[in-house]
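Next come the chains, spelled out residue by residue.
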Amino acid sequence: MTDKPLVTAILPSWNAAGFIHGTLASLDAQTYEAIEILVGDDASSDETPAILRDWAASRPHVRLILREKNLGWVGNCNDLMAQARGEYMFFAFHDDELDPDYVASLTQALQGDPEAMLAYGYMRWIEADGTERLLNGRRTGLQSTAYSRAKAMIMGTWQWHVPNHGLFRASAFSRIGGMKRNEAGEFSADFPWILHMLLLGRFVRIPRPICTKRMRGGNLSRSWERDAAAHIARDRAARREINASDLPFWQRLKLGWLIRLQRRGRT
């Protein structure tokens, strides 16, 4: 037993038999004691369900859901977040490997800043050819106001996807309602999700690497269409999140204009 706040790991898996062992091993290695792990396998057609059954069988803090019907990445993540019991949550994506002090360090960071909505650290990004980069999520969410934080993300002055590998308060899910599909499907559905979270509170950053992302030829995010229509759909979804926020009307209007301006710069 522990008096530490409960943290929920959200593990959405799909056809990950060839690489999910690293993710599972990194969850086992966490030094933080109060963790529940929710695993949702999204109707995998490979050996992933069998691997997860064997792994979960001897771990009472793991809840395993083997789906008969594929919900998609967004539906899988949202269903798991809805079932989480933790005060804090994080995504343990099936191609991520977390450092042993990942949960302990980020929990301490969030507890030390009651107004922060999310805590994250640097991320090692390893391409399929072995090329490695260190992503530090520079300037992410460090601005003082909701408007300035959202503006920095929209203007592309930092690596916005890095915080999606961080630890966030469960209240973010209840207030935002989870991630949403857009007119293009699931392309960049985490962009509006992170944007809305920035509008709810600042992010805090640990200035060192605490997780590793291993890219492969079959990574789901690289299978999405990335044409102009997909970016338009993502931008519309982002504007919907802005309009659902508590920002004053003129600030919502200006952020929407900035989104359009950035799209023109991409075309």
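Worth saying up front: this structure is predicted, and the values here are computed from it rather than measured.

1. Some remarks on the packing of helix H7 (residues 190-200) against helix H8 (residues 228-243)
At step 1: Interhelical geometry of H7 versus H8 gives an angle of 25° and a closest axis separation of 9 Å. In terms of axis orientation, H7 runs roughly parallel to H8. By crossing handedness, the relation of H7 to H8 is classed as right-handed. Each of Phe 191, Pro 192, Leu 195, His 196 and Leu 199 in H7 lies in contact with H8, whose residues at this interface are Arg 234, Ala 237, Ala 238, Glu 241 and Ile 242.
At step 2: Residue composition of the contact of H7 with H8, by class: seven nonpolar, one polar and two charged.

2. Some remarks on the side chain of Thr 8
At step 1: Along the chain, Thr 8 falls in strand E1 (residues 7-13).
At step 2: For Thr 8, a relative accessible area of 0% translates into the label buried.

3. Remarks on the nonpolar core
At step 1: Ranked by internal contacts, the top residues of the largest apolar core, which has 81 residues, are Leu 27, Phe 90, Phe 91, Phe 168, Trp 193 and Met 197.
At step 2: Setting aside chain neighbours within four positions, we find Met 197 in contact with Met 117, Leu 118, Phe 168, Ala 172, Ile 176 and Phe 203.

4. Considering the packing of aromatic side chains
At step 1: Counting across every chain of the model gives seven aromatic pairs.
At step 2: For the ring pair Tyr 147 and Trp 250, a centre distance of 6.0 Å and an interplane angle of 40° mean the geometry is tilted. Highlighted residues: Tyr 147 in helix H5 (residues 146-154) and Trp 250 in helix H9 (residues 249-266), separated in sequence by 103 residues.
At step 3: Cation over ring: Arg 234 sits above Phe 191, and NZ or CZ is 3.8 Å from the ring centre.

5. Details of the environment of Asn 136
At step 1: The topology assignment puts Asn 136 in the loop between strand E7 (132-135) and H5.
At step 2: Residue Asn 136 is classed as partly exposed on the basis of its relative accessible area, which comes to 25%.
At step 3: Counting along the chain gives 77 residues from Asn 136 to Arg 59, while the straight-line C-alpha distance between them is 33 Å.
At step 4: In this structure Asn 136 touches Tyr 120, Tyr 122, Gln 159 and Arg 205, once residues within four positions along its chain are discounted.

6. What to know about the packing of helix H1 (residues 20-28) against helix H2 (residues 48-57)
At step 1: Between H1 and H2, whose axes approach to 11 Å, the crossing angle comes to 20°. With respect to each other, H1 and H2 are oriented roughly parallel. When you trace H1 past H2, the crossing you get is right-handed. Listed contacts from H2 to Ile 20, His 21, Leu 24, Leu 27 and Asp 28 of H1 are Thr 48, Ile 51, Leu 52 and Trp 55.
At step 2: When the residues that make up the contact of H1 with H2 are grouped by side-chain class, the tally is six nonpolar, two polar and one charged.

Calculation rules
- Residues numbered from 1 in each chain as written.
- Predicted model: local features only at pLDDT ≥ 70, side-chain atom pairs only at ≥ 80, totals over all residues.
- Heavy atoms only, no water.
- Axes fitted to C-alpha atoms, helices over the stretch in contact; angles between N-to-C directions.
- Helix = DSSP H or I, 4+ residues; strand = E, 2+ residues; numbered from the N terminus.
- Parallel < 35°, antiparallel > 145°, perpendicular 65-115°, else oblique.
- Left-handed = near helix turned anticlockwise from the far one by under 90°.
- Contact = heavy atoms within 4.5 Å.
- Nonpolar A, V, L, I, M, F, W, Y, C, P; charged D, E, K, R; others polar.
- Buried < 20%, exposed > 50% of the residue type's maximum accessible area, 1.4 Å probe, protein only.
- Core = buried A, V, L, I, M, F, W, Y, C linked by side-chain atoms within 4.5 Å.
- Phe/Tyr/Trp six-rings, centres within 6.5 Å; stacked < 30°, edge-to-face > 60°.
- Lys NZ or Arg CZ within 6 Å of the ring centre and 35° of its normal.

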